Amino acid sequence: RDEYIENYLKATRGTGRLMLFACDQKIEHLNKDFYGEGIDIADAEPQHLFEIGRQGVCGVLAGQRGLIAQYAADYPEINYLVKMNSKTNLVGVKQDDPYSPQLYDLDAVLAMREAGVNIVGLGYTIYLGSEYESTMMAEAGELIAQAHANGLLVVLWIYPRGKAVAAEKDPDLIAGAAGVALCLGADFVKVNPPKPEGDDTRTPAEALKVASMAAGRTGLVCAGGSTVDAETFLTQLYDQIHVGGACGNATGRNIHQRSLDEAVRLTKAISAITLADYSVADALAI
Ligand code: FBP
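For the structure given in this document, a descriptive report is provided here. (Residues numbered from 1 in each chain as written. Predicted model: local features only at pLDDT ≥ 70, side-chain atom pairs only at ≥ 80, totals over all residues. Heavy atoms only, no water.)

1. Describing the sheet that holds strand β5 (residues 153-160)
The line we're drawing: Note: two strands are recorded as paired if DSSP finds a minimum of 2 bridges between them. Going along the chain from the N terminus, every DSSP run of H or I of four or more residues is numbered as a helix, and every run of E of two or more is numbered as a strand. Only the contacting stretch of a helix is used when fitting its axis, a line to C-alpha atoms as for every element, and angles between N-to-C directions run 0 to 180 degrees. The contact criterion used is simple: two residues touch if any of their non-hydrogen atoms lie within 4.5 Å.
If you walk around this closed barrel you meet the eight strands as β1-β2-β3-β4-β5-β6-β7-β8, and the pairing is parallel. The sheet shows a mean angle of 25° between the axes of neighbouring strands, direction not considered. The strands that helix α5 (residues 106-114) touches are β3 (80-83) and β4 (119-128); relative to β4, the one it contacts most, it runs at about 155°. Across the face of the sheet, helix α7 (residues 171-184) comes into contact with β4, β5, β6 (188-191) and β7 (219-223) while running at roughly 150° to β5.

2. Section: the site of the ligand
Rules: For this description, a residue counts as near a given molecule or strand if any of its non-hydrogen atoms is within 4 Å of it. Counted as a polar contact is a pair of N or O atoms within 3.5 Å, where, for protein atoms, one must be capable of donating a hydrogen and the other of accepting one, and residues adjacent in sequence contribute only when both atoms are in side chains. All amino acids are sorted into three groups, where Ala, Val, Leu, Ile, Met, Phe, Trp, Tyr, Cys and Pro are nonpolar, Asp, Glu, Lys and Arg are charged, and the leftover types, Gly among them, are polar.
D24, H29, K190, G252 and R253 are the nearest of the 16 residues found near the ligand. Within the contact set of the ligand, an oxygen atom lies 2.8 Å away from a side-chain nitrogen or oxygen of H29. At 2.8 Å from an oxygen atom of the ligand is found a main-chain nitrogen or oxygen belonging to G252. At the level of elements, α2 (25-28), β5 and β8 (248-251) are the ones that each hand at least two residues to the shell around the ligand. Of the residues in the shell around the ligand, the class split is five nonpolar, six polar and five charged.

3. As for unusual backbone geometry
When glycine is set aside, most residues are seen to have a negative phi, and most peptide bonds are trans. Rules: Categorising residues by exposure relies on relative accessible area from a 1.4 Å probe, with only protein chains included: less than 20% of the type maximum marks a residue as buried, more than 50% marks it as exposed, and the intermediate range marks it as partly exposed.
At R13, a position not held by glycine, the phi torsion is positive, near 50°. Looking at the element boundaries, R13 is found in the loop between α1 (2-11) and β1 (18-22). One non-glycine residue, D277, lies in positive phi territory at about 55°. Checked against the element boundaries, D277 lands in the loop between α11 (260-276) and α12 (280-284). Using a relative accessible area of 44% as the deciding quantity, one classes D277 as partly exposed.

4. Considering a nonpolar patch on the surface
The line we're drawing: Note that patches include only residues with greater than 30% relative accessible area and no salt bridge, and the join distances are 9 Å for like charges and 5 Å for nonpolar side chains (Val, Leu, Ile, Met, Phe, Trp, Tyr). Using a 1.4 Å probe, accessible areas were evaluated by the Shrake-Rupley method; residue-level cover was limited to the displayed protein chains. Whenever Lys or Arg places a side-chain nitrogen within 4 Å of a carboxyl oxygen from Asp or Glu, that contact is recorded as a salt bridge.
Where nonpolar side chains cluster on the molecular surface, the patch consists of L30, L90 and V91 and spans about 270 Å² of accessible area. Within the secondary structure layout, L90 lies in the loop between β3 and α5. Taking the relative accessible area as the measure of exposure, L90 reaches 65% and is therefore exposed.

5. A short note on the pairing of β3
Burial of β3 is two-sided: the residues Y80 and V82 facing one way and the residues L81 and K83 facing the other way are all buried. Relative to β3, strand β2 (residues 60-64) runs parallel, the two sharing four bridges. The partner of Q64 across the bridge, within β3, is K83. The sheet contact formed by β3 and β4 spans four bridges and is parallel. Along β4, the bridge assignment pairs L81 with G121.

Quick look at the structure:
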């Protein structure tokens, strides 16, 4: 219990809110997120992620076990969250039913921790509505129980996806995903921001409020999505927290698809909004 509380406080930097730097895209999106047109060349080198983690202000750096294992010895000050499952975007796209297999068991992660890597938690993706949903829910449920018994917190990524899902960002489905995470016992759930459509005139942040309430004592955070300018991104984040009831952020591309200086600065601005209730203008001035 003490270890869990210590890890929770480390991950949330003592605030109960989460600033998660998502670095799992090398499997999820292959190299496309790292070598795109207009992206600073630094982003092509995996060490870029760890330099941002070291020089910036983040709660956790989330990535697969192997990525963390290769660099953690040189970056011991970072709090790591090990993503337990992953799949590439070559499978389970759009109309298909995706399954994201667990890539290693908890013992492998605990062994890394024993060896001195600063691991504070685990992550797992569930594709809600996929025909493989029950397998992913069962794996996640078991992992959460084991993780908590071993003092680790858990973030679930829950994305409605598959043939049964007409609109992945439907506000009701996003709220459903939040409730599933609560019932599985996750500490935080990462969802895509809802997209109200048709007669639904709410803003995305207003729609998010229902999901945050559905998550109850599980903190809800949103994925950052593709890269936009810093002010647009920070305004979205501010609204997610102050209108939508989000409990932090989970941001990948918007951070690392920038030069090191800009990326480091953005983590500080994001953390100022997430962890210290700064306004967008004050965060931009950092
Ligand atoms: P960003 O959207 O902030 O870059 O976050 C990345 C991420 O949410 C990963 O954590 C996740 O694995 C991946 O995108 C999922 O992408 P997709 O929705 O394309 O499967």
